[in-house]
Amino acid sequence: MIKQLQTDSPRLLAFRLSGKLHDEDYQHFVPTVEAALAEAGGKVSLLAQFEDFHGWDMHAAWDDLRFGMKHYADFDRIAMVGESTWQEWMTRFCKPFTQATVKYFDASEVDAAWDWLRGSNESRS
C-alpha cells in the first residue's frame, strides 16, 4: 500500500510504503504525484518512508520503472527512510535513474530526513 502523508509545502511530497506493492497502488500514486508536479510548476522533493515493506509484484516493479523513467528530472531531493539493509542498498541502486540527490535514512532518523528535504542551502551529500 502507498499512503500519502501530509506536508507543509506543495514542493514536498511524502508517502508511506508498506506491504507488497501492486499495480493498483501505482494507479493512485502516479496521478497524485503528477498532479503535485503540475501544481508546483517545477521540481519537488520526495520522502519515501518504508514501513513493513515487502517489495513489489512484477507489474508494480514495471510501473515503478516506467514512473522513474518518465520523471527522471522532476525531483530535487529524494529521502528514502527504511528499516533494513536491503532498503539502504535499494537507495544506492536507484541513484543512476534520477537526477535528484538521493539519500537514505534509517527509520530512527525520519526527523533528519524531513530536515534534509526542507533544507535548500545545505550540503547535498
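Further up the page is the structure itself.
Let me begin by describing the structure that accompanies this report. For clarity, every value in this text was computed on a predicted model and none was experimentally measured. (Residues numbered from 1 in each chain as written. Predicted model: local features only at pLDDT ≥ 70, side-chain atom pairs only at ≥ 80, totals over all residues. Heavy atoms only, no water.)

Here's the deal with the overall build of the protein chain
Here is step 1 of the chain: A count of helical and extended segments in the protein chain gives four helices and five strands.
Here is step 2 of the chain: The N-to-C order of helical and strand elements in the protein chain reads β-β-α-β-α-β-α-β-α.
Here is step 3 of the chain: Relative to the compact-globule value of 14 Å for 125 residues, the protein chain shows a C-alpha radius of gyration of 13 Å, a close match.
Here is step 4 of the chain: Along the three orthogonal principal directions, the C-alpha set of the protein chain runs to about 40 × 35 × 30 Å.
Here is step 5 of the chain: Looking at the protein chain alone, contacts between residues at least 24 apart form 72% of all its contacts between residues at least 6 apart.
Here is step 6 of the chain: Carbon and sulfur atoms make up 54% of the accessible area of the protein chain, which amounts to about 7100 Å² in all.
Here is step 7 of the chain: Side chains of the protein chain carry 13 positive and 20 negative charges; the gap between the two charge centres is 6 Å. (Helix = DSSP H or I, 4+ residues; strand = E, 2+ residues; numbered from the N terminus. Rg over C-alpha atoms; globule rule 2.2 N^0.38 Å. Contact = heavy atoms within 4.5 Å. Areas by Shrake-Rupley, 256 points an atom, 1.4 Å probe, with all protein chains shown as cover. Lys, Arg positive; Asp, Glu negative; His and termini not counted. Charge placed at Lys NZ, Arg CZ, Asp CG, Glu CD.)

Notes on the environment of Met-90
Here is step 1 of the chain: Relative to the assigned elements, Met-90 resides in helix α3 (residues 85–94).
Here is step 2 of the chain: Those residues in contact with Met-90, other than ones at most four positions away along the chain, are Phe-50, Trp-56 and Met-80.

A word on the sheet that holds strand β5 (residues 101–106)
Here is step 1 of the chain: One open sheet accounts for five strands, arranged β1-β2-β3-β4-β5; its pairing is mixed. Only two strands of the sheet have a single neighbouring strand rather than two, namely β1 (2–5) and β5. Sheet twist, expressed as the mean angle between neighbouring strand axes with direction ignored, is 20 degrees.
Here is step 2 of the chain: Where strand β3 (residues 44–56) meets strand β4 (residues 75–82), five bridges bridge the pair, whose relative direction is parallel. From the neighbouring strand, Ala-48 faces β4, where its bridge partner is Met-80. (Pairing = 2+ DSSP bridges. Axes fitted to C-alpha atoms, helices over the stretch in contact; angles between N-to-C directions.)

Let's talk about the side chain of Gln-49
Here is step 1 of the chain: Along the chain, Gln-49 turns up in strand β3.
Here is step 2 of the chain: Under the relative-accessibility criterion, Gln-49 is labelled buried at 13%.
Here is step 3 of the chain: Gln-49 has contacts with Leu-5, Phe-15, Arg-16, Leu-17, Val-81 and Val-110, leaving out every residue within four places of it along the chain. (Buried < 20%, exposed > 50% of the residue type's maximum accessible area, 1.4 Å probe, protein only.)

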